Amino acid sequence: MASDIILLGGLQQEFATIEAMVKLYCRAHHKSTSTAGPCPDCSEFLDYAREKLDRCPYGERKPACNRCPIHCYKPEQRQQAKTIMRFAGPRMLLAHPLLAIRHLRLERRPVPDLPQENVSNRQRRKQFSNN
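Per an unreviewed UniProt entry, the protein carries the name Nitrous oxide-stimulated promoter family protein and comes from Shewanella sedimentimangrovi.

A. The arrangement of the pattern of salt bridges in detail. Overall, the coordinates contain five salt bridges when judged by the stated rule. A salt bridge links E51 to R55, with the nearest nitrogen and oxygen atoms 3.7 Å apart. Note that E51 and R55 are positioned in helix α2 (residues 40–55) at a spacing of four residues, about one turn of the helix. For E51, a relative accessible area of 29% puts it in the partly exposed group. Taking the relative accessible area as the measure of exposure, R55 reaches 41% and is therefore partly exposed. Residue R125 pairs with D54 through a salt bridge whose shortest N-O separation is 2.6 Å. A residue pair is termed long-range when its members are at least 10 positions apart, and R125 in helix α5 (residues 121–130) and D54 in helix α2 qualify at 71 residues.

B. Spatial organisation of the nonpolar core. In terms of nonpolar packing, the biggest core is built from 26 residues, with I18, V22, F45, Y73 and M92 touching the most fellow members. When residues of this core are traced back to their parent elements, those giving at least two are α1 (10–29), α2, α3 (75–95) and α4 (97–108). It is α1 that provides the largest number of residues to this core, a total of nine residues. The residues contacting F45, other than those within four sequence positions of it, are I18, V22, Y73, Q77, Q80, A81 and I84.

C. Quick look at the packing of α2 against α3. Axis separation between α2 and α3 bottoms out at 11 Å; the angle between their running directions is 110°. The angle between the axes of α2 and α3 places the two elements in the roughly perpendicular class. Contacts between α2 and α3 involve D41, F45 and Y48 on the former and, on the latter, Q77, Q80, A81 and I84. Tallied by class, residues from the contact of α2 with α3 come to four nonpolar, two polar and one charged.

D. Examining a nonpolar patch on the surface more closely. Together, L93, I101 and L104 line one region of the surface with nonpolar side chains, adding up to about 270 Å² of accessible area. As for its position among the elements, L104 is in helix α4. On the basis of relative accessible area, L104 is assigned to the partly exposed category, the value being 44%.

E. View of the packing of aromatic side chains. Here the structure, examined in full by the defined rule, presents three aromatic pairs. Look at Y25 and F87: their rings are 5.8 Å apart centre to centre, the planes differ by 80°, and that puts the pair in the edge-to-face class. Linking Y25 in helix α1 with F87 in helix α3, this pair joins segments that are 62 residues apart in sequence. The burial state of Y25 is the same as that of F87; both residues are buried.

F. How the structure looks around α4. Taking 1.5 Å of rise per residue, the twelve residues of α4 would be expected to cover 16 Å, and the 17 Å separating its terminal C-alpha atoms lies within 8% of that figure. The complete set of buried residues in α4 reads L99, A100, H103 and L106. Buried positions in α4, seen along its axis, are confined to an arc of 120° and lie on one side of it. Exposed residues lying more than 90 degrees from the buried face of α4 are L98, R105 and R108. Looking at the buried residues of α4, the elements they touch are α1 and α3.

Cut-offs and rules
In every chain, residue numbers begin from 1 and rise along the written sequence. In view of the model being predicted, local features appear only for residues whose pLDDT reaches at least 70, and side-chain atom pairs are presented and counted only at 80 or more, with totals across whole chains, interfaces and linings using the full set of residues. Side-chain measures were taken over the full set of non-hydrogen atoms in the model, leaving aside hydrogen atoms and water. Any carboxyl oxygen of Asp or Glu that lies within 4 Å of a side-chain nitrogen of Lys or Arg is treated as forming a salt bridge with it. Helix and strand definitions follow DSSP, with helices as H or I runs of at least four residues and strands as E runs of at least two, each counted in order from the N terminus. Exposed residues in this analysis have more than 50% of their type's maximum accessible area, buried residues have under 20%, and partly exposed residues fall in between, with area computed by a 1.4 Å probe over protein chains only. Put simply, a nonpolar core is a bunch of buried Ala, Val, Leu, Ile, Met, Phe, Trp, Tyr and Cys residues held in one set by side-chain atoms that sit within 4.5 Å of each other. Here, residues are in contact when the closest pair of their heavy atoms is within 4.5 Å. Angular values range over 0 to 180 degrees, each being the angle between N-to-C directions of two axes fitted as lines to C-alpha atoms, with helices fitted over their stretch in contact. Note on terminology: angles under 35 degrees are roughly parallel, angles over 145 are roughly antiparallel, angles of 65 to 115 are roughly perpendicular, and the others are oblique. Residues are sorted three ways: Asp, Glu, Lys and Arg are charged, Ala, Val, Leu, Ile, Met, Phe, Trp, Tyr, Cys and Pro are nonpolar, and all the rest, Gly among them, are polar. Surface patches are drawn from residues lacking salt bridges whose relative accessible area is over 30%; two like charges belong together within 9 Å, two nonpolar side chains (Val, Leu, Ile, Met, Phe, Trp, Tyr) within 5 Å. To be clear on the numbers: accessible area is Shrake-Rupley with a 1.4 Å probe, and residue cover counts the displayed protein chains and nothing else. Any two of the Phe, Tyr and Trp rings considered here, Trp counted by its six-membered ring, make a pair once their centres fall within 6.5 Å; the pair's planes then place it as stacked at under 30 degrees, edge-to-face at over 60, or tilted in between. To estimate how far a helix should extend, the number of its residues minus one is multiplied by 1.5 Å. Directions are taken from the helix axis to each C-beta atom, and the arc is the one they span.

Structure (structure tokens):
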């Protein structure tokens, strides 16, 4: 299950940002009042986002998704991410200022060269488990 994935380093911080954005969006659009989390559709999107972060070929050096030369999201989920981020982005400064500022700094970081082999979070977890 995707929620069992352990993200390392900066990828966990990036997932926390995505999760906060989805919760803001879901609360406003799907009237999610549950303290347990977002609605099933938004939870499914979060699982998808976690899996994509886990498999990102850039690993912890990944650029912001909107600046990345490799678009790993399927078109439907990519559109969903854009919709969520357009709504939640401006609201993040009030709701989660530290996450918002960290994300804005990430967007300013230069895009790294093409990724090296075996630097994704998934590959690193496999290496840790084999040792």
